[in-house]
Amino acid sequence: MTPSSAPSADPLAALKPIQLPAEPGWWPPAPGWWLLALAIVLALITAVLLWHRWQRIRAPRLQAENELEQIRMEQDPVRQLTAINQLLRRAAKAAFGPTAASLPPAQWSQFLVEHAAPEHRDITPWQQLAEAPYRNAPAAPADYLSMSQAWLRKNLKRTHSC
């Protein structure tokens, strides 16, 4: 055998050991993580804006119900009915515009009936409520507070403050 035909030493022995690539670092994150972070930030911003809008929509009704609770404590029936009437007029102005609040008593009571909950469509108590500020004697007993509360809940859904 000639030196050129002799089997040579192992050809792989001259190779260096395998070098693995370095582990990827945590920064910068992969594009998928950036998209997830962006989606979370957008979801939080949307949630805060919706919550703020919901609070703004709900505020007039809560304000009116708090005022109705203060009116409930009034001992004088004429002053109580007058305060309820004023509160309803302010709520009507907020919900339906300024012309609704400036109606004379006969038209005002009709307006209240038209926008009342179905169980409170009897015009007599609404007429007594509308005329209460102009009378010295209290009106016949009726549950004006629950009627007014139902009216406020029905009509103060998307309004500005009272």
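Scroll up for the structure.
A few points on the structure. (Residues numbered from 1 in each chain as written. Predicted model: local features only at pLDDT ≥ 70, side-chain atom pairs only at ≥ 80, totals over all residues. Heavy atoms only, no water.)

**Focus: the packing of helix α1 (residues 31–72) against helix α2 (residues 77–96)**
Two quantities define a packed helix pair, namely the angle between the axes and the distance from one axis to the other.
Turning to step 1, where the next piece is worked out: Following both chains from N to C, one finds α1 and α2 inclined at 170°, their axes separated by 10 Å at the closest point. Judged by the angle between their axes, α1 and α2 are roughly antiparallel. Along the contact surface, α1 presents Ala64, Glu67, Leu68, Ile71 and Arg72, while α2 presents Gln80, Ala83, Ile84, Leu87 and Arg90.
Turning to step 2, where the next piece is worked out: When grouped by side-chain class, the residues that make up the contact of α1 with α2 number 6 nonpolar, 1 polar and 3 charged. (Axes fitted to C-alpha atoms, helices over the stretch in contact; angles between N-to-C directions. Helix = DSSP H or I, 4+ residues; strand = E, 2+ residues; numbered from the N terminus. Parallel < 35°, antiparallel > 145°, perpendicular 65-115°, else oblique. Contact = heavy atoms within 4.5 Å. Nonpolar A, V, L, I, M, F, W, Y, C, P; charged D, E, K, R; others polar.)

**Points about the packing of aromatic side chains**
Turning to step 1, where the next piece is worked out: Under the definition given, this model contains 6 aromatic pairs.
Turning to step 2, where the next piece is worked out: Relative to phenylalanine 111, the ring of tryptophan 108 lies with its centre 5.7 Å away and its plane at 15°, an arrangement referred to as stacked. Note that tryptophan 108 and phenylalanine 111 are positioned in helix α4 (residues 105–114) at a spacing of 3 residues, about one turn of the helix. One exposure class covers both tryptophan 108 and phenylalanine 111, and it is buried.
Turning to step 3, where the next piece is worked out: Here phenylalanine 111 and tryptophan 151 contribute two aromatic rings whose centre-to-centre distance is 6.4 Å and whose plane-to-plane angle is 55°, an arrangement assigned as tilted. (Phe/Tyr/Trp six-rings, centres within 6.5 Å; stacked < 30°, edge-to-face > 60°. Buried < 20%, exposed > 50% of the residue type's maximum accessible area, 1.4 Å probe, protein only.)

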